[in-house]
Amino acid sequence: MSETIRAAWVIARRDFAAIIFSKAFFFFLLGPLFPVALGLAAGGLTQQVTREIAQPVVAVVMAEDDAEAIKVAHATLVEQLGERRLPGIETVAPDGSGQAQIDALLGDQQSEMGKLDAVLSGSLAAPALTAPPNFVQRWQGQLSLLTDYARSGRVETGPPLDVRAVADSSGQQQQQQRLTAQLGQGLLFLLTMLLAGMVLSNLVEEKTNKIIEILAAAIPIDSIFLGKLFAMLAMALIGISVWMVFIVGGITLFGDGLPQLPTPAVGWPLFLLLGFLYFAMAYLLLGSLFLGIGALATTVREVQTLSMPVTMAQVLVFFLAAYSVTKTGEMIEWAAVLFPLSSPFAMLARAAQDGNIWQHGLALVWQIVWAFLIIRFGAGIFRRNVMKSGPTTKKAGFFAAFGRS
Amino acid sequence: MSDYAIEAHGLVKNFDDVRAVDGIDLTVPKGSILGILGPNGAGKTTTLRMLLGIIDPDEGGCRLLGCERPLDAAHDVGYLPEERGLYPAMKAFDAIAFMGALRGLSIAEGRKRARVLLDDAGLGHAAEKEVRMLSKGMAQTVQLLGTIVHRPKLIVLDEPFSGLDALNQAKLERLIRSQAEAGVTVIFSTHVIAHAERLCEDVAIIAGGRIPFSGKVSEARDRLRPQVRLETRSLKGEWRSAIPSNCEPEGHFWHFTLPETGVEPLLKALVEGDAGVQSLAIERPGLHDAFVAIAGEAAAAQMDQPEGEGA
């Protein structure tokens, strides 16, 4: 075992240095920051556009008293509910033409009031709304509330609600921790998907450069797999650290500060530690599987062909874990916890929702055992199919492996 | 402790329905230079891979430097595969140190030794160059130095002369000799008989996945009787009875195997029979002739080609 670890260290050090000191690594670090920056820019723009165009405007075509009552009621409700909870209003004096005026208002593209979405007409005693169906569906209730307020004349608010704040409630806590679980899982999945897939092509370099035979003659195949996995894991952790620094720094400097996320059941420090450990395990489990699969590919083209099904498999695993977030303790959640590839995701969700700590120790041991088994299995398949070492040695290559009896 | 660097018994390897190696027995004494001779596809590379534990035999087994599992002896073995390979972005001295590290040498010590080896090989100026910047010959030398940097007890070279120019071939021959003089066991495969003839005391001839001969080069040559090359003025006469009956002249030239009776009766018959001897040469067979006799004409026809791939 010590020789396996020593040899794995030799491989890991070579791979790590080769990656870190390559120019491509710089772009690897920068890569994810582009969509983040684009996302932030696009988000700000969208927010601005939404502010500008999303607020509908209703023309109030009523007698002066009624229109004034509507205006006062609108101002009061906006104050209490917020500006975006009600459409804007513009008062228009009735010209006596009835429906013709309404049609003209809705059809006028050059109105000084801007384009109108609907017309509130009639009187407070018998208000009428003329609007497209989707507007009616969205705003009918609010406009009814508005006319009721205006009609009752109770534009003054009653006694203020006596608010008695408590730290938390069980329902709220569960909801919030579920949110933390989902966010944690999502982040874990995103990082794993971005990084674990890279190991698919990890042995292609050795095969292309014909170094694999030198390695196989000198050290166990398990060491090659293990070394490559840990080198890629170290590279991934460096990448994540850099991205985190940029993101946290960017939000702190240019945003409204870090968002207040609900506290997970095990507390933030332990949750973050478990997040780190479960990322490592998810990476090792998926990475060892992908390395084993990718090692069978004989060409870059085969690796590329394998990328899609591998990504889909990752998504399926994530779906299993994500579905189980709201099913704590149920059969499906236990399945997600026990199935090695979804286990890190499911256990991170548990860390957010369940304060028991011992279970994470067991889960980590369970996942390490499976990572070890997958590495051994992958190395065995590699020896048999690629190094042609074994009793059934037909043509090499990933797809040839499926043709074996 | 065994006196043999390699002891292999009954090695068999099949690929699909093809039997690449068919029951090979091979023992290699420590400190010797063994040449494995055979045409392309004879099973040389497969045999070497099985000896080193890169692939498992379907049948049979072997001991490498006394170890049942070849990888247990990996720190004392150096291997140069037929398909040369180095990481292109590595510097030359790092590539050598890395290959040493695979075999248990510390990186620091490997780098130190790599610089010395490169200097000795006249490549000191290339130590800091990336492998991709080296010529093919230089890269092959770097890989060869990586094979010996950890000072192995056994060196296995698969077609080491392939792709080298005459100058580098001579350098490699010198290096093999110097390693052998230092007590290292060297095994190399080749399809160029001349290399084996110059370097080896022992050869194993491999053909069709079998080893029909393994032993001293002189033993292989002694399997054949000397060859007679004769030019006569006359083509007829009593002296013809001294020449094998199935030998026909090409013009006035005769080529035949020296009869069991030896040289003297032949000479007497030629002189007394007035054959008009213009020239006479009695040659001891070379390794090539021995190879033809042992492995057959078909196998021999594929040998002595300048470049090629093994099986």
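All figures in this text were calculated on a predicted structure; none of them were measured in a lab. (Residues numbered from 1 in each chain as written. Chains lettered and ligands numbered in written order. Predicted model: local features only at pLDDT ≥ 70, side-chain atom pairs only at ≥ 80, totals over all residues.)

(A) Spotlight on the overall build of chain B. The secondary structure content of chain B amounts to ten helices and twelve strands. Out of the 311 residues in chain B, the part that is buried amounts to 44%. (Helix = DSSP H or I, 4+ residues; strand = E, 2+ residues; numbered from the N terminus. Buried ≥ 20, exposed ≤ 12 C-beta atoms within 10 Å, placed from the backbone.)

(B) Fine view of the interface of chain B and chain A. Listed as interface residues are 23 residues of chain B and, on the opposing side, 22 residues of chain A. At four residues, the largest contribution of residues to the side of chain B that touches chain A is made by helix α2 (residues 92-102) of chain B. For the side of chain B that touches chain A, the per-class residue count stands at 16 nonpolar, one polar and six charged. (Contact = placed C-beta atoms within 7 Å. Nonpolar A, V, L, I, M, F, W, Y, C, P; charged D, E, K, R; others polar.)

(C) Seen up close, the confidence of the model for chain A. Residues and elements named next belong to chain A. On average, residues of chain A score 82 in pLDDT, and 83% of them reach the 70 mark or higher. Helix α16 (residues 398-402) is the least confidently modelled element of chain A, averaging 49 in pLDDT, while helix α1 (residues 2-20) averages 93, the highest of any element. The low-confidence segment residues 391-396, where pLDDT is below 50, has 13 contacts with residues more than four positions distant or belonging to other chains. Low confidence marks residues 401-405, where pLDDT is under 50. Its contacts with residues over four positions away, or in another chain, come to five contacts. (pLDDT = per-residue confidence, 0-100.)

(D) Region of the structure containing helix α4 (residues 64-81) of chain A. Residue and element names in this part refer to chain A. The first and last C-alpha atoms of α4 sit 25 Å apart over 18 residues, in line with the 26 Å expected at 1.5 Å per residue. All buried positions along α4 are accounted for by Asp-66, Ala-67, Ala-69, Ile-70, Ala-73 and His-74. Looking down the long axis of α4, one finds its buried residues gathered within 155 degrees of arc, a one-sided arrangement. Those residues of α4 that are exposed and angled more than 90 degrees off the buried face are Glu-64, Asp-65 and Glu-79. Contact partners of the buried residues in α4: β1 (57-61), β2 (88-92) and α6 (133-152). One or two positions beyond α4, positive phi appears at Gly-82, with a value near 110 degrees. (Expected span 1.5 Å × (residues − 1). Arc of directions from axis to C-beta.)

(E) Local environment of the pairing of strand β8 (residues 202-207) of chain B. Residues and elements named next belong to chain B. In terms of residue burial, β8 counts as a mostly covered element, since six of its six residues are buried. Side chains Asp-202, Ala-204 and Ile-206 project from β8 onto one buried face, and the interleaved Val-203, Ile-205 and Ala-207 project onto a second face that is buried too. Two strands pair when backbone bridges link them, and strand β3 (residues 33-37) and β8 are joined in this way by four bridges, in the parallel orientation. Looking at β8, one finds that Leu-34 is bridged to Asp-202. Across five bridges, the pairing between β8 and strand β9 (residues 210-216) is antiparallel. Among the inter-strand pairings, Ala-207 is bridged to a residue of β9, identified as Arg-210. (Pairing = 2+ DSSP bridges.)

(F) Looking closely at the nonpolar core. With 158 residues, the main nonpolar core has Tyr-283 of chain A together with Ile-96 and Ile-205 of chain B as its most contacted residues. The element that contributes the greatest number of residues to this core is helix α11 (residues 268-296) of chain A, accounting for 17 residues. Sequence-distant contacts of Tyr-283 of chain A, defined by excluding residues within four places in its chain, comprise Thr-192, Leu-195, Ala-196, Leu-233 and Ala-236 of chain A. The next biggest cluster of nonpolar side chains, apart from the first, holds 22 residues, and it includes Val-60, Ala-67, Ala-69 and Val-92 of chain A. (Core = buried A, V, L, I, M, F, W, Y, C linked by C-beta atoms within 7 Å.)

(G) Summary view of the sheet that holds strand β12 (residues 277-283) of chain B. Residues and elements named next belong to chain B. If you walk across this open sheet you meet the three strands as β11-β10-β12, and the pairing is antiparallel. Lying at the two open borders of the sheet, with one neighbouring strand each, are β11 (253-257) and β12. The sheet shows a mean angle of 15 degrees between the axes of neighbouring strands, taken without regard to direction. Both strand β10 (residues 227-232) and β12 contribute to a ladder of six bridges, which runs antiparallel. If you follow Thr-232 over to β12, its bridge partner there is Val-277. (Axes fitted to C-alpha atoms, helices over the stretch in contact; angles between N-to-C directions.)

(H) Main features of unusual backbone geometry. All names here are of chain B. You will see that Asp-16, though not glycine, has its phi angle at about 55 degrees, which is positive. Within the fold, Asp-16 resides in the loop between β1 (4-15) and β2 (18-29). Positive phi outside glycine occurs at Glu-159, with the angle close to 50 degrees. Along the chain, the position of Glu-159 falls in the loop between β6 (154-158) and α5 (166-181).

(I) Representation of the pairing of β10 of chain B in the model. Residues and elements named next belong to chain B. Only one face of β10 is covered, namely the one carrying Val-228, Leu-230 and Thr-232; the face carrying Gln-227, Arg-229 and Glu-231 has none of its residues buried. The pairing of β10 with β11 spans five bridges and is antiparallel. Bridge pairing links Val-228 to Phe-256 in β11.

(J) Layout of the sheet that holds β1 of chain A. All names here are of chain A. Strands sit in the order β2-β1-β3-β4 across an open sheet of four strands; the sheet is mixed. Edge positions in the sheet fall to β2 and β4 (127-130), since each of these pairs with one other strand and no more. The sheet shows a mean angle of 25 degrees between the axes of neighbouring strands, direction not considered. Alignment of β1 against strand β3 (residues 118-122), held across four bridges, turns out to be parallel. Residue Val-61 lies in a different strand from β3, and its bridge partner there is Ser-121.

(K) Broad picture of the packing of α11 of chain A against helix α12 (residues 300-323) of chain A. Residues and elements named next belong to chain A. Contact geometry of α11 with α12 gives a least axis separation of 11 Å together with a crossing angle of 150 degrees. Judged on the interaxial angle alone, α12 and α11 are roughly antiparallel. Every pair of crossing elements has a handedness; the one defined by α11 and α12 is right-handed. Packed against α11, whose contacting residues are Leu-286, Phe-290, Ile-293 and Gly-294, the element α12 presents Val-303, Leu-306, Val-310 and Gln-314 at the interface. Its residues assigned to classes, the contact of α11 with α12 comprises six nonpolar, two polar and no charged. (Parallel < 35°, antiparallel > 145°, perpendicular 65-115°, else oblique. Left-handed = near helix turned anticlockwise from the far one by under 90°.)

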